[in-house]
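# Report on the structure
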Amino acid sequence: AGGCGCVFVGVFVGVFQGWEKAADPYAYCWKNFLSHNTMKMIHGMKEQLSMMLKSAGLLKNGFPAHPANNLNSENSRLLSAVLVAGLYPRVARVKTIAKGKRPPHVSTERHRKCDIHPASINRTGRDFPSQYAVYNKIMRSTGIFIYDSTFVSPFPLLFFGGEIGWGEVDDEGKTLVTVDKWICFKAPLHTAHLVLDLRRQVDDLLWQLYRESRHSSTPVTAEGHQQQRQPAAVLDSEQRSVLLRTIIDLISKEQNVDALAAAADAKMEESHHEYNSGADTLPAQHSRASDHHGYRGRASRY
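The residue numbers shown here count from 1 along each chain, following its written sequence. Local features in a predicted model are, by the rule used here, given only for residues with pLDDT of at least 70; side-chain atom pairs are given and counted only at 80 or more, and totals for whole chains, interfaces and linings are based on all residues. In computing side-chain values, all of the structure's heavy atoms are included and hydrogens and water are not.

### Observations concerning the environment of glycine 10
Note the threshold: Working definition: helices are DSSP H or I runs of at least four residues, strands are E runs of at least two. Numbering for both runs from the N terminus. Here's how the labels work: a residue is buried when its accessible area is under 20% of the maximum for its type, exposed when over 50%, partly exposed in between, all with a 1.4 Å probe on protein chains only.
Tracing the chain through its elements places glycine 10 in helix H1 (residues 7-21). A relative accessible area of 33% places glycine 10 in the partly exposed class. Along the chain, glycine 10 and leucine 79 lie 69 residues apart, while their C-alpha atoms are 9.5 Å from each other.

### Observations regarding helix H4 (residues 76-87)
Note the following rule: Multiplying 1.5 Å by the helix residue count minus one yields the expected span of that helix. As used in this structure description, the phrase polar contact means that two N or O atoms lie within 3.5 Å; if the pair is within protein, one of them must be able to donate a hydrogen and the other to accept it, and residues adjacent in sequence are counted only when both atoms belong to side chains.
End to end, H4 covers 16 Å across twelve residues, agreeing with the expected 16 Å (1.5 Å per residue, within 8%). Those residues of H4 not exposed but buried are Ser76, Leu78, Ser80, Ala81, Leu83, Val84 and Leu87. With a side-chain oxygen lying 3.2 Å from the backbone nitrogen of arginine 77, the N-terminal cap of H4 falls on asparagine 75.

### Digging into the sheet that holds strand E6 (residues 144-147)
Quick note on the threshold: Strands pair, by our definition, only if DSSP identifies at least two bridges between them.
Sheet architecture is open: three strands sit in the order E3-E6-E5, paired in mixed fashion. Taken across any chain shown, the strands that pair with only one partner, and hence form the sheet edges, are strand E3 (115-116) and strand E5 (137-140).

### So, the packing of aromatic side chains
Within a pair of aromatic rings, the relevant descriptors are the distance that separates the centres and the angle that separates the planes. Note the following rule: Only centres within 6.5 Å qualify two rings of Phe, Tyr or Trp (six-membered ring in Trp) as a pair; their planes then separate them into stacked at under 30 degrees, edge-to-face at over 60, and tilted for everything else.
All told, the structure shown has five aromatic pairs when counted by the stated rule. With a centroid separation of 6.4 Å and 80° between ring planes, the pair formed by tyrosine 132 and tryptophan 182 is classed as edge-to-face. With tyrosine 132 in strand E4 (residues 132-134) and tryptophan 182 in the loop between strand E9 (174-179) and strand E10 (183-188), this pair connects stretches of sequence that are 50 residues apart. The class for tyrosine 132 is buried, based on a relative accessible area of 2%. For tryptophan 182, a relative accessible area of 10% gives the class buried.

### A word on unusual backbone geometry
Put simply, tyrosine 88 and proline 89 share a cis peptide bond, and its omega is 15°. The phi torsion at phenylalanine 33 lies on the positive side, around 60°, for a residue other than glycine. For aspartate 180, which is not a glycine, the phi torsion comes out positive at approximately 55°. As for its placement among the helices and strands, aspartate 180 is situated in the loop between E9 and E10. By relative accessible area, which is 24% here, aspartate 180 ends up partly exposed.

### Remarks on the packing of H4 against helix H8 (residues 237-253)
For the record, the criterion: Here the axes come from fitting lines to C-alpha atoms, over the contacting stretch only for helices, and the angles between their N-to-C directions go from 0 to 180 degrees. The cut-offs work like this: below 35 degrees is roughly parallel, past 145 is roughly antiparallel, 65 to 115 is roughly perpendicular, and the gaps in between are oblique. For this analysis, residues touch if any pair of their heavy atoms sits within 4.5 Å.
Contact geometry for H4 and H8: axes closest at 8 Å, N-to-C directions at 110°. As judged from the angle between their axes, H4 and H8 are roughly perpendicular. The residues of H8 that touch H4, namely those facing Arg77, Leu78 and Ala81, are Ile248, Ile251 and Ser252.

### Thoughts on the pairing of E5
Of the pairings in the sheet, the one linking E5 to E6 comprises four bridges and is antiparallel in character. By the bridge assignment, methionine 139 is partnered in E6 with phenylalanine 145. In textbook terms, the turn of a hairpin is the stretch between consecutive antiparallel strands, and for E5 and E6 this stretch comprises three residues.

### Looking at the confidence of the model for the protein
The following threshold applies: The pLDDT value expresses, per residue, how confident the predictor is, ranging between 0 and 100.
Per-residue pLDDT for the protein averages 76, and the proportion of residues at 70 or more is 71%. Note on residues 217-231: pLDDT under 50 across the span, and 25 contacts to partners over four residues away in sequence or across chains. Here residues 298-302 is a poorly scored stretch, pLDDT under 50, and it has 17 contacts once near neighbours within four places are set aside; other chains count.

Here's what the structure looks like:
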């Protein structure tokens, strides 16, 4: 997990899984300086979350350990995407890698200069998988420090971050794709269009699941959905499955920013083919994106 920057999360998950599998949970906590009551509380929250995901239609059953609910449990890249969805806009950018043993210089949207906390494994890192990291909290003491940082790749920030925009196209046919005007990636313009349309579909799906969970088992019709939020597309079960597989594949296989074009093009071509029968309910892949230079996804949610 360390190669993807999921160092802290990997440690926490490993400790909790050890407690779940321990023959004597009390002895396990005593040996590892843990609170048994805290472990029980986390276990209860895990079960509650599973039931909520089942109610939202994301899980087939409410049992956390069921194999059907753990198809991607070992996918550390997907885990980092989940962290982006939960922690955004708590994002930090590595500005420079200092020479010698000095820690890297980082910044956030509000703080031009801050540091990774000295207790963090990432504090001594040099070969980061990405320029951007999400963090759990930021505090001021002798300096401004970010805690529990996890480095993340571009796709999670593009799919689960803030407003997407892009600038002018350069001589190579590339543009600067931005998230909330300060998180930046360079990619071909047509790739920006494809990512934007995928982002719209992800937001539509999340909104649809949210509405369905609010109305218990009553499905959200196209008419009712359109009255609540414009514009939106109501996806059937097959279209949901295709979209989720596309997003998971893009996030799981992404290597670097240069992979944006090839990966997005390949997956969108596959999505076009599988979505063909439901074209009337889906947003056009190029026409809508080409009319806008930005998309405020989170502002229109829930």
